[in-house]
Amino acid sequence: VSTQSTGENRLDLIAQWVANKHLTLSCEIADLLLCDCQCRVRCDCESGTLALAVYRGVGNHVMSTNCLARQGALYRAVHYAKTHDLGNEKLLGFAQNYTVN
């Protein structure tokens, strides 16, 4: 994955590579996708959705929960965090950074 793929708005290629397992998933790829997100308040872009899929794929539960919260899916974020034993201190951190709209 290159910045050219995200910069030229070819997220469709990245989504296809992820779905067909033609891409070795890593936190670096997810970080790049998340940096491509231009959403100001609630994330509803493809970059954020793809970042969530990659973070889940590599088992980064903290960032997966963060992506869910950025999308406004706070109840899903809390459930995900509890399911993956992130602890109350992580949940409190998310609660301080995000509000329900």
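The residue numbering used here restarts from 1 in each chain and proceeds along that chain's sequence as written. Side-chain atom pairs in this predicted model are given and counted only at pLDDT of 80 or more, local residue features only at pLDDT of at least 70, and totals for whole chains, interfaces and linings cover all residues. The basis for every side-chain value is the complete set of non-hydrogen atoms in the structure, without hydrogens or water.

1. As for the overall build of the chain
Okay, step 1: When its secondary structure is counted, the chain shows seven helices and zero strands.
Okay, step 2: Buried positions account for 36% of the 101 residues belonging to the chain.
Okay, step 3: Carbon and sulfur atoms make up 50% of the accessible area of the chain, which amounts to about 6300 Å² in all. Going along the chain from the N terminus, every DSSP run of H or I of four or more residues is numbered as a helix, and every run of E of two or more is numbered as a strand. Under the scheme applied here, a residue whose accessible area is under 20% of the maximum for its type counts as buried, over 50% as exposed, and between as partly exposed, the area being computed with a 1.4 Å probe on protein chains only. Note that accessible areas follow from Shrake-Rupley with a 1.4 Å probe, and for residues the cover is restricted to the protein chains shown.

2. Things to note about the packing of helix α2 (residues 11-19) against helix α4 (residues 46-58)
Okay, step 1: Contact geometry for α2 and α4: axes closest at 11 Å, N-to-C directions at 20°. In terms of their interaxial angle, α2 and α4 are classed as roughly parallel. Here α2 and α4 pass one another in a crossing that is left-handed. When α2 is examined against α4, the residues Leu11, Asp12, Ile14, Ala15 and Val18 are found in contact with a partner set consisting of Glu46, Ser47, Leu50 and Val54.
Okay, step 2: Polarity classes work like this: nonpolar for Ala, Val, Leu, Ile, Met, Phe, Trp, Tyr, Cys and Pro, charged for Asp, Glu, Lys and Arg, and polar for all others, with Gly in that last group. Classifying every residue of the contact of α2 with α4 gives six nonpolar, one polar and two charged. Here the axes come from fitting lines to C-alpha atoms, over the contacting stretch only for helices, and the angles between their N-to-C directions go from 0 to 180 degrees. Under this scheme an angle from 65 to 115 degrees is roughly perpendicular, one under 35 degrees roughly parallel, and one over 145 degrees roughly antiparallel; angles in between are oblique. By definition, any crossing whose near helix is turned counterclockwise from its far helix by less than a right angle is left-handed, and any crossing with a clockwise turn is right-handed. Contacts are assigned to residue pairs that have any heavy atoms within 4.5 Å of one another.

3. A few points about α4
Okay, step 1: Multiply 1.5 Å by the residue count of a helix minus one, and that product is the helix's expected span. When the terminal C-alpha atoms of α4 are compared, their 18 Å separation across 13 residues agrees well with the 18 Å that a helix rising 1.5 Å per residue should span.
Okay, step 2: Taken as a whole, α4 has its buried residues at Ser47, Gly48, Leu50, Ala51, Leu52, Val54 and Tyr55.
Okay, step 3: Looking at the buried positions of α4, the neighbouring elements they touch are α2, α3 (27-36) and α5 (61-70).
Okay, step 4: Looking at the residues trailing α4, positive phi occurs at Gly59, about 80°.

4. A look at the pattern of salt bridges
Okay, step 1: Whenever a carboxyl oxygen of Asp or Glu lies within 4 Å of a side-chain nitrogen of Lys or Arg, that contact is scored as a salt bridge. This structure, assessed with the given rule, holds one salt bridge.
Okay, step 2: For Arg10, the salt bridge goes to Asp12, with nearest N and O atoms at 3.1 Å.
Okay, step 3: Residue class for Arg10 comes out partly exposed when judged on its relative accessible area of 34%.
Okay, step 4: We classify Asp12 as partly exposed; its relative accessible area is 42%.

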